[in-house]
Amino acid sequence: MPTTTSSSSSFSSAASSSGNRQADVFSRLASSDPEVKLKALREVKNQIIGNRTKKLSFLKLGAVPAIASALSDSECNSILVQSAAALGSFACGFEAGVQAVLDAGVFPLLLRLLTSSDEKVVDAGARSLRMIFQSNQAPKYDFLQEKNMEFLFSLLNSENENVSGLGASIIAHACGTTVQQQVLCDAGVLEKLVILLDGSLSQREACLESLATVLKNNPEAVSRFVGLEAGRYLSSVTELTKDRYPRTRLLSCLCLVVIYNTSPSYFLNMGTKSSLVTTLLELLNDHGQSGDDAALGLSSLIAEKEDLQKLAYEANAIKNIVDILKTGSELHPKRLQGLFLSLAELCSKLEDCRCSFLSLEMLDLLVNALGHKNADVRTAACICFRNAARSVKNLSAGRFTNDLVMLPLVQLLHDPSSSVQVAVLGALSNIVLDFSSPKSTFIEYGGIKQLIELSKSMDPNARRSALRALRNLMFLADNKRKELFYSEVKAQGFVSLISDPEPTVQEQALALLRNLVDGCINSIEFVFDEDGLILDTVGKQLRKSPQAHMAIQGMYVLTNVASGTELHKEAVMQQLFPQPQAESNNFMLKFLQSHESQLRSATVWTIINLISPSSPGALDRHVKLRDEGIIPQLKNMVNDACLDVKIRIRTVLSQSMSFGDN
């Protein structure tokens, strides 16, 4: 059609014209005429401000090295100012630009500008350096070196607001350890930073970012800050949450979140908490970077805190977040991550939140997020699924087990990101508890095989999470599903899992085995495959004096095996008291004396199953247990602090009486 041809031709012509203009400007950067060069620098700066496409075009032309050359060779202050400004614009919010600027070797040149006698040159250099220090690619300063600390304080002491702000930005970028926090606090950095709270807008914002960095997860630093002038500066930060500028409100909120997460005792006032939640919820609607950062700030604030989750729920947080997600506009990955993590935290403890969340028809949006190109977004969506699936009501209704949800979740088990894999394993761990059919879509899509593969991962978190999912999949499973699983893993595979070098992985492997052998007699037979290889391995692990949580699962394996036939019970006795006797350290006595009530309970349960009076060999086993000091130990525990243990012990002693034991 003529109109189509004309439009296409017009677009092509415009693109060509734009490219020619950029090439023309680039060529003038190398001019020997200072006025021509100065004009070209201004044009580059003005064209690339806020325009990633043009930044990339100029990068491809080699503009950054040309500007770096102008910065290095010129003695004209106007050229120095425009060169620094252009380099800062390339670095602002554009990682490829930061890399190009650093590769051009301009960092020391920009530092040199800070010593200029011309205030405009100093300002330009400081602003450009602040743009660079917003990126993780910027150089790190080792504050343990005296010369670096002296340089930092020379910046903080400067009367130039951009220079002092640069000092604060360097702290926010480079302070990453408790040792660095301590060194900075001891040197008096907190006292220097709080002065900036009364400064200009840029100084306040740089100060708030730096304070959050120095105080994070450091109770001693928080105590020092709160103690400055009897809490005046904590009040100042709190007051800034009402500032007219969204960025200032956001940064003050994030600073308070850090203080609250580090030392909750300074936030006993419910009004302060409520105000913090409300302000962050309002900032979610900001269309810029503040809205992106507010989402992650909210998730951090309410994480693991039921009281704050209730406050957020009552402030209509779920509907507000869902409305933002449903706008249809393309949201920044950081904002998406924060919004999904906030929803996940809201659904982590409160059933009302889960039901409200699912009633807003969010599953389609969550499923779409599972396919997002950003791994952090996929991870957050999986965590959201995990916590939403804690709702027994919605789980039982089958809302998570249909193909729409299950297929993308299973596909993420193959995700190249280990964080995504661990997150989706967490989601599946909850969802698989609802599988009632051995022909579930999860199994049809190859879920069991992939879980077994991930249980062999190099990442211990992935191994542990895969085993937890398998453990839940085997919970009250029928024999058909158990056989399907065991046919893939075999005895040697189980031995490897139980013998994993990571104790937490061993614990999950034993918990999985506990569920596998729970139920009918046929289930118990799995541990007797290959001449009882699995059962022997369990016994060996228990004799190594394992950590309590691992021992609990191991003892429940023996409990379930001991519930079987006479042959099964004798096999358990052989693990408890192996021959020759020298190999045994009588770990049962140690377990009965453990401070962990669950371990004591699991051990007593095993004894109950071993000496059930209906079993032909019960008397002989009772005699053996008595001779090994187990029965006398139980008599000393009749008043155990744990009610469950106390009840089980009375059952054992009742059984003992049937054997004539007084």
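Residues numbered from 1 in each chain as written. Predicted model: local features only at pLDDT ≥ 70, side-chain atom pairs only at ≥ 80, totals over all residues. Heavy atoms only, no water.

Concerning the packing of aromatic side chains
Turning to step 1, where the next piece is worked out: Inspection of every chain in the model, using the stated rule, returns eight aromatic pairs.
Turning to step 2, where the next piece is worked out: Ring geometry for Phe133 against Tyr141: centres 6.2 Å apart, planes inclined by 35 degrees, an arrangement best described as tilted.
Turning to step 3, where the next piece is worked out: The interplanar angle of 85 degrees and the centroid separation of 5.3 Å between the aromatic rings of Tyr260 and Phe267 together place this pair among those described as edge-to-face.
Turning to step 4, where the next piece is worked out: By relative accessible area, Tyr260 is classed as buried at 7%.
Turning to step 5, where the next piece is worked out: Three or more aromatic residues link up through ring pairs in this structure, and these residues are Phe107, Phe133, Tyr141 and Phe151.
Turning to step 6, where the next piece is worked out: Just above the ring of Tyr556 sits the side chain of Arg514; from NZ or CZ to the centre is 3.9 Å. (Phe/Tyr/Trp six-rings, centres within 6.5 Å; stacked < 30°, edge-to-face > 60°. Buried < 20%, exposed > 50% of the residue type's maximum accessible area, 1.4 Å probe, protein only. Lys NZ or Arg CZ within 6 Å of the ring centre and 35° of its normal.)

Some remarks on unusual backbone geometry
Turning to step 1, where the next piece is worked out: Residues other than glycine seldom take positive phi values, yet Leu476 does so here, at roughly 55 degrees.
Turning to step 2, where the next piece is worked out: Counting through the fold element by element, Leu476 comes out in the loop between helix H30 (460–473) and helix H31 (479–498).
Turning to step 3, where the next piece is worked out: Given the relative accessible area of 66%, Leu476 is considered exposed.
Turning to step 4, where the next piece is worked out: At Lys490, a position not held by glycine, the phi torsion is positive, near 65 degrees. (Helix = DSSP H or I, 4+ residues; strand = E, 2+ residues; numbered from the N terminus.)

Regarding the environment of Glu570
Turning to step 1, where the next piece is worked out: Mapping Glu570 onto the fold places it in helix H36 (residues 566–576).
Turning to step 2, where the next piece is worked out: Looking at Glu570, the relative accessible area reads 37%, which means it is partly exposed.
Turning to step 3, where the next piece is worked out: Separated by 154 residues in the primary sequence, Glu570 and Pro416 have C-alpha atoms spaced 47 Å apart.

Quick notes on the packing of H36 against helix H38 (residues 597–610)
Turning to step 1, where the next piece is worked out: Contact geometry for H36 and H38: axes closest at 10 Å, N-to-C directions at 135 degrees. What the angle tells us is that H36 and H38 run oblique. Our pair here, H36 against H38, has a crossing hand that is left-handed. Residues Lys569, Val572, Met573 and Leu576 of H36 touch H38, and the partners they reach there are Thr606, Asn609 and Leu610.
Turning to step 2, where the next piece is worked out: Taken together, the residues that form the contact of H36 with H38 break down as four nonpolar, two polar and one charged. (Axes fitted to C-alpha atoms, helices over the stretch in contact; angles between N-to-C directions. Parallel < 35°, antiparallel > 145°, perpendicular 65-115°, else oblique. Left-handed = near helix turned anticlockwise from the far one by under 90°. Contact = heavy atoms within 4.5 Å. Nonpolar A, V, L, I, M, F, W, Y, C, P; charged D, E, K, R; others polar.)

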